[in-house]
Amino acid sequence: MIKKGPDTCKGCYFRNMHPAAALVYYMSLFLVALLFSHPLYLTAILAVTILAIISARVLKFWKIYLKFSLFMTLMIVLINPLVSRAGSTVLWSGAQIPLLDGLIISLEAVYFGLAMGMRLLIVLSIFCLYNNTIHPDQTLYLFSKFTYKPALIISLGTRLIPRMKRDFENIQDLIKIRGFDYTSLGFKEKLALFRQSVNALIYNSLEGAWQIAEAMHSRAFGSGPRSQYGRWLLRPGDLICLAGSCAVIAVSFIGKAVGAGSYEYYPKMEYIFGGSRLLALILTGLLIPVLTSWGWDHCRFLRSRI
Amino acid sequence: MRITAKSIVLTITVIIIVGAILVLSKQDWGLLSLEIIFIALGLFYWICEKKSLSVKYLSVIAVLSSIAAVSRVPFAIIPGAQPTTFLIISTGLIFGPQAGFLAGSTAAVLSNFFLGQGPWTPWQMFAWGMAGSTAGLLKIIYPKIGLKGILIFNLLWGYLFGWIMNFWSWTAFISPLNLKSFLAVYAASFCFDTFHALGNAAFCLIFNTSLTKILMRFQRKLEISEIIIE
């Protein structure tokens, strides 16, 4: 039975994947969603993404993303029919709106808007998966191999945030101890006191930066080539997923270059079920992690092998 | 930083290969614009990686970017208004374009650890990075820029930030890509951008004088004591 709570996805396959394999998988989903505007492709990718979300046990978090994306999706669904005049099946026309010189709403533009809304939903769902299955430490571990100075700044910054929160609370306590009461002050005084607290926090934090740098230097940081170790093993399951995702990326780019999977919404929508051979290839690659996850959850033998 | 012939050849080769792939693959502008942003961020980071930067410089940037990131979280409920842009611009003005870029791009990643990473993250990294680096360039061009100049620059970046962020929505989700659709997308975010610009101006008026003094002090300290790392 799936454990409820914030760590529901802790034991799932997606959480146990090598970060590189998971990241390349999410990237392949993202690229396919942005490469093709074919409604059948977008529907299939959305279905795979939802399957991955269910496998990763982050459905609860996805619902929050759905609520959050509602405004953006609505904006895209509405703007497209308003600005496009290319559709041939006119549903409504007439109103004069500034900048839009005679409003024409066509069925094709409505469908295009819906397809783009679906694309946005896919993109946000992929990020929901990413945020809930890959820990920031894992991403930093990957990027530190290529750009270690920016990765170092990010990890130092992450470490400093809770310290800053604590320091700011201490400053507020000090202000109270000194006899200042926010509730009895006017707006100007409150603002001045707040500015002083913020300045004290910035000053204190920058002084702390000096101490951090000296502590790092005293531990021989920067004295030579740095050592690095990774806690994450690249297992057979990761290799299969990685190969599948790379194949999907390659096939999608080649397919797009030769014109497979292309779809025209304007002036009249094309036949929706065309170019499905490429889609079958893409789906095979994208479903590998979902199937591996099923094996991880339901088959002990497979779990021991992947 | 030593720019060798090898690194120049490598950069040009990468640009040609990536360019060829992008042109040959007949992509839409949505993906293309994102790829251009990634290449731009990658090049900036590559330059930073190749430079000898002191540990103190790195930790000061880390502190400033975390302050900028933290300041975004309590203001997340007010659409647009946030002190992050102002703090990044101040960093760029005092510590230079490179520090401004690093602080801006890092603040975007750090704040999104709390608010959620999304397709907006690389665009925010780019937009705030550019806010920081252009502030640094502004200081180089006009070394004696006063409060009025900084205020206008902050106001301007309130809108520019929103416009950069809108660019992807426009290219990836809207068709046709013409002036009409461009204006419609930008009109939809005008209110938020105005809040952002006004917020920047307000934070600049309240904090600029005291923050500049603090940052100037640490910038001088940084010039005096440096621990260079390779």
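Residues numbered from 1 in each chain as written. Chains lettered and ligands numbered in written order. Predicted model: local features only at pLDDT ≥ 70, side-chain atom pairs only at ≥ 80, totals over all residues. Heavy atoms only, no water.

## Considerations on the packing of aromatic side chains
Residues and elements named next belong to chain A. Our working rule: Ring pairs shown here join Phe, Tyr and Trp side chains whose ring centres sit within 6.5 Å, with only the six-membered ring taken for Trp; geometry is labelled stacked below 30 degrees between planes, edge-to-face above 60, and tilted in between. Only protein chains enter the accessibility calculation, which uses a 1.4 Å probe. A residue is then buried if its area is under 20% of the maximum for its type, exposed if over 50%, and partly exposed in between. Helix numbers and strand numbers start at the N terminus; a helix is a DSSP run of H or I with at least 4 residues, a strand a run of E with at least 2.
Throughout the structure, instances matching the rule amount to 29 aromatic pairs over all chains. Pairing Tyr25 with Tyr26 gives two aromatic rings, centres 5.9 Å apart and planes at 50 degrees, and the pair type is tilted. A relative accessible area of 0% places Tyr25 in the buried class. Given a relative accessible area of 4%, Tyr26 falls into the buried group. Considering the side-chain rings of Tyr141 and Trp232, the 4.9 Å spacing of their centres and the 50 degrees angle between planes classify their relative orientation as tilted. Of this pair, Tyr141 sits in helix H6 (residues 136-144) while Trp232 sits in the loop between helix H8 (187-218) and helix H9 (236-258), placing them 91 residues apart in sequence.

## Things to note about the interface of chain B and chain A
The criterion, for reference: Should any heavy atoms of two residues lie within 4.5 Å, those residues are considered in contact. A simple way to read buried area is as the amount of 1.4 Å-probe accessible surface that goes missing from two parts once joined, with both sides added. By definition, a salt bridge exists where a carboxyl oxygen of Asp or Glu is found within 4 Å of a side-chain nitrogen of Lys or Arg.
Contact residues are listed per partner, giving 65 residues for chain B and 64 residues for chain A. Here chain B meets chain A over a buried area of about 5900 Å², counting both sides, of which 77% is carbon and sulfur. It is B:Glu49, B:Phe173 and B:Lys180 in chain B that bury the most area against chain A; as a group they hold 12% of the surface buried on that side. In this structure, the connection of chain B to chain A is made through three salt bridges. We note a salt bridge from B:Arg217 to A:Glu207, for which the minimum N-O separation is 3.5 Å.

## Quick look at the pattern of salt bridges
Inspection of the entire model under this criterion finds seven salt bridges over all chains. Of the charged contacts in the structure, one is a salt bridge between A:Lys165 and A:Glu169, with a shortest N-O distance of 3.4 Å. With A:Lys165 and A:Glu169 both in helix H7 (residues 148-177) and four residues apart, this pair spans about one turn of that helix. The exposure class of A:Lys165 is exposed, given its relative accessible area of 55%. Note on A:Glu169: relative accessible area 40%, which makes it partly exposed. A:Glu207 is paired through a salt bridge with B:Lys221; the nearest N and O atoms lie 3.5 Å apart. Separated into two different chains, A:Glu207 in helix H8 and B:Lys221 in helix H9 (residues 190-224) make up a pair that spans both. Through salt bridges with shared partners, a single ionic network connects A:Glu207, B:Arg217 and B:Lys221.

## What about the environment of B:Ile140?
Its place among the elements puts B:Ile140 in helix H6 (residues 120-141). With a relative accessible area of 57%, B:Ile140 lands in the exposed category.

## Considerations on a nonpolar patch on the surface
All names here are of chain A. Let me state the cut-off plainly: Residues forming no salt bridge and having over 30% relative accessible area are the ones grouped into patches, like charges within 9 Å of each other and nonpolar side chains (Val, Leu, Ile, Met, Phe, Trp, Tyr) within 5 Å. In these tables, accessible area is a Shrake-Rupley quantity obtained with a 1.4 Å probe, and a residue counts as shielded only by the protein chains included in the view.
A cluster of nonpolar side chains, namely Leu91, Trp92, Leu107, Tyr111 and Leu114, defines an oily patch on the protein surface of about 490 Å² accessible area. Every element with two or more residues in the nonpolar patch is listed here: strand E1 (90-93) and helix H5 (107-133). No other element matches the three residues that H5 contributes to the nonpolar patch. As for its placement among the helices and strands, Leu91 is situated in strand E1.

## Concerning the side chain of A:His38
Residues and elements named next belong to chain A. Threshold: Pairing of N or O atoms within 3.5 Å defines a polar contact, subject to two protein rules: one partner must be a possible hydrogen donor and the other a possible acceptor, and residues neighboring in sequence count only if both atoms are side-chain atoms.
Tracing the backbone through its elements, the reader meets His38 in the loop between helix H2 (19-35) and helix H3 (39-55). Separated by 3.1 Å, the side chain of His38 and the backbone nitrogen of Leu40 make a polar contact. Not counting residues within four places of it along the chain, the set of residues in contact with His38 comprises Gly261, Ser262, Tyr263, Tyr265, Ile272 and Gly274.

## A closer look at the state of the cysteines
Inclusion rule: Disulfide assignment relies on a single distance test, namely cysteine sulfur atoms paired within 2.5 Å.
Summed over the entire model, instances satisfying the criterion amount to zero disulfides over all chains. Looking at the unpaired A:Cys299, the closest cysteine sulfur is the one in A:Cys241, lying at 15 Å.

## A short note on unusual backbone geometry
Cis rather than trans, the peptide bond between A:Tyr266 and A:Pro267 has omega equal to -5 degrees. Counting through the fold element by element, A:Pro267 comes out in the loop between H9 and helix H10 (276-298). In this chain, B:Ser175 is followed by B:Pro176 through a cis amide linkage whose omega measures -5 degrees. Within the secondary structure, B:Pro176 is located in the loop between helix H7 (147-173) and helix H8 (179-188). With a phi angle near 60 degrees, A:Arg57 is a residue other than glycine that sits in the positive phi range. For A:Arg57, a relative accessible area of 22% corresponds to the partly exposed category. The phi torsion at A:Ala220 lies on the positive side, around 70 degrees, for a residue other than glycine. Exposure remark for A:Ala220: the relative accessible area of 44% places this residue in the partly exposed category.

## Digging into helix H5 (residues 97-115) of chain B
Residues and elements named next belong to chain B. Quick note on the threshold: What a helix should span is 1.5 Å times the count of its residues minus one.
Given a rise of 1.5 Å per residue, 19 residues ought to cover 27 Å, and the 26 Å separating the end C-alpha atoms of H5 matches this to within 8%. Across the 19 residues of H5, 15 count as buried, placing the element largely inside the fold. Taken from the residues just after H5, Gly116 is the one with a positive phi, measuring 105 degrees.

## Details of helix H4 (residues 59-83) of chain A
Quick note on the threshold: In this analysis the local bend is the angle between axes fitted, respectively, to the seven residues ending at and the seven residues starting at the residue.
With 25 residues, H4(A) should cover 36 Å at 1.5 Å per step; its first-to-last C-alpha distance of 35 Å lies within 8% of that length. Largest kink in H4(A): about 45 degrees, centred on A:Ser69. A:Phe61, A:Trp62, A:Tyr65, A:Ser69, A:Thr73, A:Ile76, A:Ile79, A:Asn80, A:Pro81 and A:Val83 are the residues of H4(A) that are buried. Its buried side turned inward, H4(A) meets H3, strand E2 (104-106) and H5 of chain A together with H7 and H8 of chain B.

## As for the domain arrangement of chain A
Just so we agree on the cut-off: Note that the domain bounds were set by an automatic or database domain assignment.
Taken domain by domain, chain A comprises domain 1 (13-140 + 231-305) and domain 2 (147-218). Here the C-alpha centre of domain 2 of chain A lies 41 Å away from the C-alpha centre of domain 1 of chain A.

## Topic: the side chain of A:Asp167
Looking at the element boundaries, A:Asp167 is found in helix H7. Sequence-distant contacts of A:Asp167, defined by excluding residues within four places in its chain, comprise A:Leu201 and A:Asn204.

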